[in-house]
Amino acid sequence: MLLTLVFASATFLSTMTGGIAAIRWPGRLELLMAFAGGVVLGAAAFDLLPEAVAQAGDAGLPTWLPYAMAVIGYFAFRILEHRLHRRDHRHGPNRMGEAGAAGFTVHSFFDGLAIGLGFNLDRGVGIIVALAVIGHDFSDGLNTVSYLIAHGHDRARQWRWLIASATAPVLGALVGGLLPVPDAVFPVALGFFSGVFVYAATSNLLPRALKAQRAVVVPLALAGAALMFGMSRVV
Ligand SMILES: [Zn+2]
């Protein structure tokens, strides 16, 4: 539980750093996003999904189940984000942007839940998931703040949502780490989270990086993925 808490606090700092960077130096973090996109994809491909399939085998569940859950996780977040965007435009100027910030906060809660469940299962899985989350959460904080800035919200509201979005993964990690989880839940949850990670990389991190820094995005993303491949062999 101590390790879970240590890593969960690091997600808090990472999210806050991204949010503060968005307030101070807007538009400077694209290179980090390219690398983080690779890290998140690598964590899903080299660690979460294989672990989910192995766990499915151990629990006597079909091995296609984690893959199906990955597809569900991907579309669940795609649909969630789409709906929140639509709601944003119906609410009038005052509410605009807050639904988007709420979406990033929900996403961050799931990031933390993945860390807690990872450590609940096995320390190695926990560390890999935590690195992937800490490595990209700066972008969740940055997105939360940029979204509110784009919709004309004031500093006070930017800070409020940034703190909410930074606290969410800590709460998620506590829930995932403390709840008694039956073995059959791991292949389902880890498969789902790998889909959520693929969504975060392909809908957010990599497209934003590509818009600003086309030439170096692919090498940086590959470096991030290779790093996670190496880490998944070691821990
Ligand atoms: Zn995230």
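Being a predicted model, the structure only gives us computed values, none of them experimental.

Enquirer: Is there a simple way to think about the overall build of the chain in this case?
Expert: Helix and strand counts for the chain stand at eight helices and zero strands. Counting from the amino terminus, the chain carries its helices and strands in the arrangement α-α-α-α-α-α-α-α. Relative to its length of 235 residues, the chain is compact, with a C-alpha radius of gyration of 17 Å against a globular reference of 18 Å. Dimensions along the principal axes, computed over C-alpha positions, put the chain at roughly 50 × 40 × 35 Å. For the chain, the accessible surface area stands at approximately 10800 Å², while carbon and sulfur atoms represent 67% of it. For the chain, the distance from the average position of its 16 positive side-chain charges to the average position of its 13 negative side-chain charges is 12 Å.

Enquirer: Would you take a moment to explain the packing of aromatic side chains for this structure?
Expert: Counting across every chain of the model gives nine aromatic pairs. On the basis of an interplanar angle of 85° and a centroid distance of 5.4 Å, the ring pair of Tyr74 and Tyr199 is categorised as edge-to-face. Here Tyr74 is found in helix H3 (residues 64-90), whereas its partner Tyr199 is found in helix H7 (residues 185-212), with 125 residues between them in sequence. Given a relative accessible area of 5%, Tyr199 falls into the buried group.

Enquirer: Help me understand the coordination of the zinc ion in this model?
Expert: Ligation of the zinc ion by protein atoms is provided by His107 (NE2), Asp111 (OD), His136 (NE2) and Asp140 (OD), these donors lying 1.8 to 2.1 Å from the ion. Geometry at the zinc ion is tetrahedral, judged from the four donor atoms that bind it and their angles of 102 to 116° at the metal. For the zinc ion, all donor residues lie on one chain, and their spacing in sequence is H-x3-D-x24-H-x3-D. With His136 and Asp140 both in helix H5 (residues 123-150) and four residues apart, the pair spans about one turn of that helix. Here His136 matches Asp140 in class, with each residue buried.

Enquirer: Can you walk me through the pattern of salt bridges in this structure?
Expert: This structure, assessed with the given rule, holds one salt bridge. Put simply, Arg157 and Glu98 hold a salt bridge, and the shortest N to O gap is 3.7 Å. Placement of Arg157 in helix H6 (residues 155-178) and of Glu98 in helix H4 (residues 98-121) is noted, with a sequence separation of 59 residues between them.

Enquirer: Could you clarify how one ought to interpret the confidence of the model for the chain in this entry?
Expert: In low-pLDDT segments, the atomic positions of the prediction should not be examined closely. Taken over all residues, the pLDDT of the chain has a mean of 87, while the share at 70 or more is 94%. Here H3 is the element of the chain with the lowest mean pLDDT, 85, and H6 is the one with the highest, 93.

Enquirer: When you look at H5 in this model, what are you seeing that I'm missing?
Expert: Since the α-helix advances by 3.6 residues per turn, residues separated by three or four positions end up pointing in the same direction. Helix length check: H5, at 28 residues, gives a terminal C-alpha distance of 40 Å against a target of 40 Å (1.5 Å per residue), a fit within 8%. With respect to burial, H5 is a largely interior element, 21 of its 28 residues being buried. Backbone geometry just downstream of H5 places Gly152 in the positive-phi region, at approximately 75°.

Enquirer: Is there a simple way to think about the side chain of Ser165 in this case?
Expert: Counting through the fold element by element, Ser165 comes out in helix H6. Once you skip the residues sitting within four places of it in the chain, Ser165 turns out to touch Thr15, Thr105, Ser108, Asp140, Gly141 and Thr144.

Enquirer: Is there a simple way to think about a nonpolar patch on the surface in this case?
Expert: Where nonpolar side chains cluster on the molecular surface, the patch consists of Met1, Leu5 and Leu178 and spans about 300 Å² of accessible area. What makes Leu5 partly exposed here is its relative accessible area of 38%.

What counts and how
- Residues numbered from 1 in each chain as written.
- Predicted model: local features only at pLDDT ≥ 70, side-chain atom pairs only at ≥ 80, totals over all residues.
- Heavy atoms only, no water.
- Helix = DSSP H or I, 4+ residues; strand = E, 2+ residues; numbered from the N terminus.
- Rg over C-alpha atoms; globule rule 2.2 N^0.38 Å.
- Areas by Shrake-Rupley, 256 points an atom, 1.4 Å probe, with all protein chains shown as cover.
- Lys, Arg positive; Asp, Glu negative; His and termini not counted.
- Charge placed at Lys NZ, Arg CZ, Asp CG, Glu CD.
- Phe/Tyr/Trp six-rings, centres within 6.5 Å; stacked < 30°, edge-to-face > 60°.
- Buried < 20%, exposed > 50% of the residue type's maximum accessible area, 1.4 Å probe, protein only.
- Donors = N, O, S within 2.8 Å, 3.2 Å for Na, K, Ca; no water.
- Tetrahedral: all angles 85-135°; square planar, octahedral: opposite > 155°, others 65-115°.
- Salt bridge = Lys/Arg side-chain N within 4 Å of Asp/Glu carboxyl O.
- pLDDT = per-residue confidence, 0-100.
- Expected span 1.5 Å × (residues − 1).
- Contact = heavy atoms within 4.5 Å.
- Patch = residues over 30% accessible without salt bridge, like charges linked within 9 Å, V, L, I, M, F, W, Y side chains within 5 Å.

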